[in-house]
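Secondary and tertiary structure notes
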2 protein chains.
Amino acid sequence: MNELTEKQRNILDFIQLAQQAGAPVPTLREIAEHFGFKSSRAAADHLDALKRKGFIQSEIGKARSLRVVSPFTQIRNQLADIPIFGSIPAGSPDNREQAVEGLTTVDVKSLGFTPTRNTFALRVKGDSMIGKHICDGDIVLLEFGAEPHHGQVVAAFVDGLSTLKTFLIKSGKPFLRAENPKYRDIIPAEELTIQGVLRGLIRRTDA
Amino acid sequence: MNELTEKQRNILDFIQLAQQAGAPVPTLREIAEHFGFKSSRAAADHLDALKRKGFIQSEIGKARSLRVVSPFTQIRNQLADIPIFGSIPAGSPDNREQAVEGLTTVDVKSLGFTPTRNTFALRVKGDSMIGKHICDGDIVLLEFGAEPHHGQVVAAFVDGLSTLKTFLIKSGKPFLRAENPKYRDIIPAEELTIQGVLRGLIRRTDA
DNA sequence: ATTCATACTACTCACATGAGTAGTATCAAT
DNA sequence: ATTGATACTACTCATGTGAGTAGTATGAAT
């Protein structure tokens, strides 16, 4: 019952293509022009059919407000871009221009938290956090400016490099510990800059 | 010289967020309303500044035609939606309607491989792969139909559930092994369905 | 001192755009 | 035979929307 005709599918594809390309969604007249219709009503008819069949939605009276609602985009939530740094520059990660190695885009819901401007990513070097199952090459998502709690993993600026450590409080004093018996670093955290608190992780496995 | 003021940055973020969410780009009046301006001219002034500094582009006279052209979107590549299953239904993951728990969107470049229609995700239950640093609650990205190689991690259908195991070949025969001494499962792989080969991993760390 | 960018309010204008009315033609299902 | 969905043309209307004019205030740079 919810099957599309060829014309309707073509129009749905046309809209979806524009949407995916990052371009504004076409207007009734743009659709009409593209398909050679001489009246925008023809396009409106097809959109009505697509709406009735649940493939698209729009807000009334609002220009270019079409949305394709495939089973995927229905589930889809807010997205967020998070910059990946090779190493974090000193201070705030707001100095975005420098050292940005790439960008990762995550679905907020699947991640379980909402990234802010203070969220950034870092490529892990070394196996100092292997005890927490954070491996060499993993991308870790961190939040700048968050207050670290006992047992949380944090990024700290040590010897000119950003390194991951576990944040611990012992006798009221904060310490940093590597999660690998090979590295016996236990460093008083007072003298250091905590750059971010671990919020998530992305790993790529080579094929 | 191309630095943005805080106001301009906020407005750029507002536009980019809408764009990423798949929503139509805001109009002058929508921007003005969101930031509490009483005139759309205020928004237009900021957009003029952003255009002059090269952060956005627009087509004249066209509704909602803004595009963010920051270094971010320049780096940005193809995105891919990957469905997350609570447990994989038997057979091909193409039966997407069922058991889809959520959706994760990843940047292809940061992931290091290109997801296909055969790429899917699975939420890990249990710690049977802790030896490979795959933890309970992690989201693993898998590829259906790929030929598993010795030592790769695969998803297999065992006792009505999808479980992760390491794929091994011993004396020409394929075996599956759990990476946890607690689970001594060594199962001949011939009788089993390999549902997918591990390609990536996403972890969320509770705040 | 003056210039310039930023950051607005208040208002206007033209046209872009969604939405609608009325009518025609075709085809499949009943 | 008649109904209903599809697939249009021709036209109108209200409002959404980008663009612009005029003016005010602030602060940094020269």
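Here, every reference points to the structure presented above.
Definitions and cut-offs
Residues numbered from 1 in each chain as written. Chains lettered and ligands numbered in written order. Predicted model: local features only at pLDDT ≥ 70, side-chain atom pairs only at ≥ 80, totals over all residues. Heavy atoms only, no water. Helix = DSSP H or I, 4+ residues; strand = E, 2+ residues; numbered from the N terminus. Buried < 20%, exposed > 50% of the residue type's maximum accessible area, 1.4 Å probe, protein only. Contact = heavy atoms within 4.5 Å. Areas by Shrake-Rupley, 256 points an atom, 1.4 Å probe, with all protein chains shown as cover. Near = heavy atom within 4 Å. Polar contact = N/O pair within 3.5 Å; in protein donor to acceptor, adjacent residues only side chain to side chain. Nonpolar A, V, L, I, M, F, W, Y, C, P; charged D, E, K, R; others polar.

Take the overall build of chain A next. Scanning chain A from terminus to terminus reveals five helices and 11 strands. Split into buried and exposed, the 207 residues of chain A put 45% on the buried side. In chain A, 53% of the contacts between residues at least 6 apart in sequence involve partners at least 24 apart. In the form shown here, chain A has an accessible surface area of approximately 10,700 Å², with 50% of it arising from carbon and sulfur atoms.

The next subject is the protein's contact with DNA strand C. Around DNA strand C sit 25 residues in total, of which Leu28, Arg29 and Arg64 of chain A together with Asp45 and Arg52 of chain B are the nearest. Within 4 Å of the protein, the atoms of DNA strand C are drawn from sugar and phosphate moieties in a proportion of 58%. Contact distances for DNA strand C include 3.2 Å between a phosphate oxygen and a backbone N or O atom of Gly61 of chain A. At the level of secondary structure, the elements contributing two or more residues to the surface near DNA strand C comprise helix 2 (28-35) and helix 3 (40-52) of chain A together with helix 1 (6-20) and helix 3 (40-52) of chain B. When residues in the surface near DNA strand C are grouped by element, the largest group, five residues, is from helix 3 of chain B. Partitioning the surface near DNA strand C into residue classes produces six nonpolar, seven polar and 12 charged.

So, on to the protein's contact with DNA strand D. Looking at DNA strand D, there are 25 residues lining it, with Lys38, Asp45 and Arg52 of chain A together with Arg29 and Arg64 of chain B nearest. Of all DNA strand D atoms lying within 4 Å of any protein atom, the proportion belonging to sugar or phosphate reaches 60%. In this structure, Ser39 of chain A approaches DNA strand D through a main-chain N or O atom, which is 3.0 Å from a phosphate oxygen. Counting residues per element, the ones that place at least two in the surface near DNA strand D are helix 1 (6-20) and helix 3 of chain A together with helix 2 (28-35) and helix 3 of chain B. No other element matches the five residues that helix 3 of chain A contributes to the surface near DNA strand D. When grouped by side-chain class, the residues that make up the surface near DNA strand D number six nonpolar, seven polar and 12 charged.

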